[in-house]
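Descriptive analysis of the structure
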Amino acid sequence: MSAQEPYRPQMQPPPQQGWQQPAYGQHPYPPQQMPPGYQYAVQWPMFAAPAPAMVDGFMLLQPRLKPIPSGPAIGSLVAGIGGTIAAVPGLISAAFNPWAGLTFFMLSALLGVGSIMLGSYARRQIGAAGGGVSGRGVALSGLILGIIATSMAGLTGLITLVAI
């Protein structure tokens, strides 16, 4: 193939007579009925389940489930973002209108403290769950944003006190 010719993919031959779509998880050809020249990339069976453990003569099955996301971690992140966003207009308006600054101070302080509390609770919950609950990074982000929102609220409160 030269550089000017467009790429044309190789076409697969049509299925043979009597061929049926394999069920999910099965190979179209069992190892005994492989067409000539056909080779498997992996050993048969392709997906072998591990043998279950025996406990007191009974088979013990342990399903592998995905960890669920932590609700308090998500709440901490949302409250931290809200507190940080509420603190910005409070900082801007505190010097010009102290009452508006006080309002934003209270809102951002409430959301910031709530974010800190939810973030620390979520980190304890995730640590105690032993892998059943996920969201450690989300909880840490909410905790950091809560600290930022609370410190910005404190700065807003100081500006408001000076302006009154």
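Residues numbered from 1 in each chain as written. Predicted model: local features only at pLDDT ≥ 70, side-chain atom pairs only at ≥ 80, totals over all residues. Heavy atoms only, no water.

For the rest of this paragraph, the subject is the packing of helix H1 (residues 71-93) against helix H2 (residues 98-129). Interhelical geometry of H1 versus H2 gives an angle of 160 degrees and a closest axis separation of 7 Å. The orientation of H1 with respect to H2, classified from their angle, is roughly antiparallel. Both H1 and H2 take part in a crossing whose hand is left-handed. For the contact of H1 with H2, the residue count by class is 14 nonpolar, twelve polar and no charged. (Axes fitted to C-alpha atoms, helices over the stretch in contact; angles between N-to-C directions. Helix = DSSP H or I, 4+ residues; strand = E, 2+ residues; numbered from the N terminus. Parallel < 35°, antiparallel > 145°, perpendicular 65-115°, else oblique. Left-handed = near helix turned anticlockwise from the far one by under 90°. Nonpolar A, V, L, I, M, F, W, Y, C, P; charged D, E, K, R; others polar.)

With respect to the element layout, Ala149 can be found in helix H3 (residues 136-163). The exposure class of Ala149 is buried, given its relative accessible area of 0%. Taking the C-alpha atoms as reference points, Ala149 and Leu111, separated by 38 residues in sequence, lie 7.6 Å from one another. Beyond its immediate sequence surroundings of up to four residues, Ala149 is in contact with Gly80, Gly83, Thr84, Ser108 and Gly112. (Buried < 20%, exposed > 50% of the residue type's maximum accessible area, 1.4 Å probe, protein only. Contact = heavy atoms within 4.5 Å.)

Attention shifts here to H2. With 32 residues, H2 should reach 46 Å at 1.5 Å per residue; the first-to-last C-alpha distance of 46 Å fits that figure. The set of residues buried in H2 consists of Pro98, Gly101, Ser108, Ala109, Gly112, Ser115, Gly119, Ala122 and Ile126. Looking at the packing, one finds that the buried side of H2 touches H1, strand E4 (133-134) and H3. At the C-terminal side of H2, Gly130 shows a positive phi close to 65 degrees. (Expected span 1.5 Å × (residues − 1).)

Let us look at the environment of Lys66. Inspection of the secondary structure assignment puts Lys66 in the loop between strand E2 (58-60) and strand E3 (68-69). Between the alpha carbons of Lys66 and Ser134 there is a distance of 8.9 Å; along the sequence they are 68 residues apart.

A separate point is the packing of H2 against H3. Relative orientation of the contacting elements H2 and H3 amounts to 155 degrees, with a least axis distance of 7 Å. Relative to H3, the element H2 lies roughly antiparallel. With respect to the hand of their crossing, H2 and H3 are arranged in left-handed fashion. The residue inventory of the contact of H2 with H3, partitioned by class, reads 15 nonpolar, 14 polar and two charged.

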